[in-house]
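Summary of structural features
Given next are the chains, with one letter for each unit.
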Amino acid sequence: MKALVSILIPAFNAQEWIADTLRSAIAQTWERKEIIVVDDGSTDQTLAIARQFESDFLRVITQKNQGAAAARNLALSLSRGDYLQWLDADDLLAPDKVARQVEECRSKRILLSSAWGKFLYRHYRAKFVPTALWCDLSPTDFLLRKMGQNLFMQTATWLVSRELTEAAGPWNTQLLGDDDGEYFCRVLLQSDGVRFVSEAKVYYRASGVGSLSYIGSDRKREAHWRSMELHIDYLRSLEDSPKVRDACLKYLHNSQIQFYPESPDIVQQAERKARELGGHLDRPRLSWKYSWIKASFGWGLAKRAGMFLPRAKWSLIRFWDKAFFCIEDRHRRAFANMKSRASRRPRIDSNRESHSGIL
């Protein structure tokens, strides 16, 4: 019997996207599948829309708002699949994504990954930009590249066997940010390595403007720092060599601006960690475009400007992409309606002439 794949979708206030996400899950060409949606206490129409898709293989459950990690843990506890496909409520899977990965699996100790591309509203314009993680890698080499080169794989790219999932344990509900990065580190540590399936594709709906966009509170900064500490511990548990320590130092350096100057205690902890790794951290640098603000008004205002201006640009890009999406969608609907009306017109018998002699 073919393997059963569980597609697990946590959802919170995703009424604008959840229908398309569910359609992409339902459209998977791998026939033996179950889809479990956990609504995490949404206050919009997410739950009502999701329930319109309920069927023998698609279940919708709701819980009091507890965060994405808790919703994922509930979905996992209800699943029966031999393989797990995690899918956020605004992202999309190519129809053959799951099938291509299952067909490539030779061992349940192998972690399967795929290509992924960013989009805003028009998924068919997604940009697939390969990185150093888009290949077969050992757990050590994957973490070396991820941390040393500041790279990541999007959550839905992974297909995880039940065996690896159970060995890794549940999602960490204490992490308000980068919980997926920390979780898949644990999955990776239990695996024999990553098998990259280039033909499988994920469409990632980008919603931010970079790494600064989602760390806006003390609690999130503390959670992110905890995730970073765990990343370093995980990699060093595999190997504690000079190249590993160098990758960890680069990881600390690339992330330091997340905490400076708002969280001096975390900055001090990062500096101590750097010394433990045999290096040191310099003060983070802002782009030259904001250096005059720093000189006149200080680091805090300069950093806020460095966050605000890209966000403003991003908002403008999103506005235009949504406008083009609406125009193109309107044209597609009009064309579909025209074809539908044409198909309902009575056919004229070509062998029968009209009174005027014109067919």
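In what follows, the accompanying structure is described. (Residues numbered from 1 in each chain as written. Predicted model: local features only at pLDDT ≥ 70, side-chain atom pairs only at ≥ 80, totals over all residues. Heavy atoms only, no water.)

1. Points about the overall build of the protein chain
Operational definition: Comment: elements are numbered from the N terminus, with helices defined as DSSP H or I runs of at least four residues and strands as E runs of at least two. Residues are treated as being in contact if the distance between any of their heavy atoms lies within 4.5 Å. With residues, only the protein chains shown are counted as cover, and all accessible areas are computed by Shrake-Rupley using a 1.4 Å probe.
Per the secondary structure count, the protein chain includes twelve helices and nine strands. Residue pairs in contact within the protein chain that sit at least 24 positions apart in sequence constitute 75% of those at least 6 positions apart. About 19100 Å² of surface is accessible on the protein chain, with carbon and sulfur atoms providing 51% of the total.

2. Regarding the nonpolar core
Convention followed: Put simply, buried Ala, Val, Leu, Ile, Met, Phe, Trp, Tyr and Cys residues joined by side-chain atoms within 4.5 Å make one nonpolar core. The classification of residues rests on relative accessible area computed with a 1.4 Å probe and restricted to protein chains. Under 20% of the type maximum is buried, over 50% is exposed, and intermediate values are partly exposed.
Core analysis: the largest hydrophobic core is formed by 86 residues, its most contacted members being Ile9, Ile18, Leu22, Val37, Phe142 and Leu252. In this structure Leu252 touches Trp225, Met228, Ile232, Ala270, Lys273, Ala274, Leu277 and Leu281, once residues within four positions along its chain are discounted. In terms of nonpolar packing, the next biggest core, distinct from the first, is built from five residues, Leu92, Phe119, Ala126 and Tyr203 among them.

3. Some thoughts on the packing of helix H7 (residues 179-190) against helix H8 (residues 218-238)
Condition: Fitted lines through C-alpha atoms give the axes, limited to the stretch in contact for helices. The angle between two N-to-C directions lies from 0 to 180 degrees. Between 65 and 115 degrees an angle is taken as roughly perpendicular, under 35 as roughly parallel, over 145 as roughly antiparallel, and anywhere else as oblique. By convention, the crossing between two helices is left-handed when the near helix turns anticlockwise from the far helix through less than a right angle, and right-handed when the turn is clockwise.
As a packed pair, H7 and H8 sit with axes 10 Å apart at the nearest point and diverge in direction by 15°. The angle between H7 and H8 places the two elements in the roughly parallel class. Where H7 crosses over H8, the two elements pack in a sense that is left-handed. Contacts from Gly181, Glu182, Cys185, Arg186 and Leu189 of H7 reach H8 at Ser227, Leu230, His231, Tyr234, Ser237 and Leu238.

4. Comments concerning the pattern of salt bridges
Side chains bearing opposite charge may pair, as long as their charged atoms lie close to each other. Operational definition: The salt bridge criterion pairs a side-chain nitrogen of Lys or Arg with a carboxyl oxygen of Asp or Glu, the two atoms within 4 Å.
Evaluated as defined, the whole model comprises 16 salt bridges. A salt bridge links Arg226 to Glu229; the shortest N-O distance between them is 3.7 Å. Taken as a pair, Arg226 and Glu229 lie in helix H8 at a separation of three residues, close to a single helical turn. With a closest N to O distance of 3.4 Å, Asp246 and Lys250 form a salt bridge. Of this pair, Asp246 and Lys250 both sit in helix H9 (residues 242-255), four residues apart, which is roughly one turn of the helix.

5. Remarks on the packing of aromatic side chains
Put simply, the rule reads: Think of it this way: a Phe, Tyr or Trp ring, Trp meaning its six-membered ring, pairs with another when their centres are within 6.5 Å, and the plane angle makes it stacked under 30 degrees, edge-to-face over 60, tilted otherwise. Lysine and arginine charges are scored as sitting over a ring when NZ or CZ, respectively, is within 6 Å of the ring centre and within 35 degrees of the ring normal.
All told, the structure shown has 13 aromatic pairs when counted by the stated rule. Consider the rings of Trp116 and Phe152, whose centres lie 5.1 Å apart with planes at 40°: the pair is tilted. Taken together, the residues Trp116 in strand E6 (residues 110-119) and Phe152 in the loop between helix H5 (139-148) and strand E8 (159-161) connect sequence positions 36 residues apart. For Phe152, a relative accessible area of 39% gives the class partly exposed. Note on Trp134 and Phe196: the rings are 5.7 Å apart at their centroids and 35° apart in plane angle, and the pair reads as tilted. Note that Trp134 is positioned in the loop between strand E7 (127-128) and H5 and Phe196 in strand E9 (residues 193-205), a separation of 62 residues in sequence. What makes Trp134 buried here is its relative accessible area of 13%. The rings of Trp86, Phe142, Trp158, Trp171, Tyr183 and Phe184 are connected pair by pair, giving a single aromatic cluster. Directly above the aromatic system of Phe57 lies the positively charged group of Lys33, at a separation of 5.6 Å from the ring centroid. Sitting over the face of the ring of Phe128, Lys201 holds its NZ or CZ atom 5.9 Å from the ring centroid.

6. Quick look at the pairing of E6
Using the following cut-off: Here a strand pair is declared whenever DSSP counts at least two bridges between the two strands.
In terms of burial, E6 is a largely internal element, eight of the ten residues being buried. Bridging between E6 and E9 involves ten bridges; their strand directions are parallel. Residue pairing for E9: Ser113 is matched across the bridge by Phe196. Of the strand pairs in this sheet, E6 and E7 are connected by two bridges, and their pairing is antiparallel. Looking at E7, one finds that Lys118 is bridged to Lys127.

7. A look at H5
Among the ten residues of H5, eight are classified as buried, and the element is accordingly described as predominantly covered. By the burial criterion, the buried members of H5 are Pro139, Thr140, Phe142, Leu143, Leu144, Lys146, Met147 and Gly148. Of the residues flanking the end of H5, it is Asn150, one or two places downstream, whose phi is positive at about 60°.

8. Considerations on the packing of H8 against H9
Worth spelling out the cut-off: Asp, Glu, Lys and Arg are counted as charged, while Ala, Val, Leu, Ile, Met, Phe, Trp, Tyr, Cys and Pro are counted as nonpolar; the rest, among them Gly, fall into the polar class.
Close contact between H8 and H9 brings their axes to 10 Å; oriented N to C, the two are set at 170°. With respect to each other, H8 and H9 are oriented roughly antiparallel. Residues Trp225, Ser227, Met228, His231, Ile232, Leu235 and Arg236 of H8 touch H9, and the partners they reach there are Val244, Cys248, Tyr251, Leu252 and Ser255. Each residue belonging to the contact of H8 with H9 can be placed in one class, and the counts come to eight nonpolar, three polar and one charged.

9. So, the pairing of strand E1 (residues 5-11)
Which entries qualify depends on this criterion: Call a crossover right-handed when, viewed with both strands pointing away from you, the route from the first strand across the helix to the second goes clockwise.
Of all seven residues making up E1, seven are buried, and the element is well covered by its neighbours. Bridge analysis of E1 against strand E2 (residues 33-40) gives seven bridges, and the strand direction is parallel. Each residue of the ladder has a partner; that of Ile9, found in E2, is Val37. With helix H1 (residues 18-26) bridging E1 and its parallel neighbour E2, the resulting β-α-β unit is right-handed. In terms of strand pairing, E1 meets strand E4 (residues 83-86) through four bridges, oriented parallel. Looking across to E4, one finds that Leu8 is bridged to Trp86.

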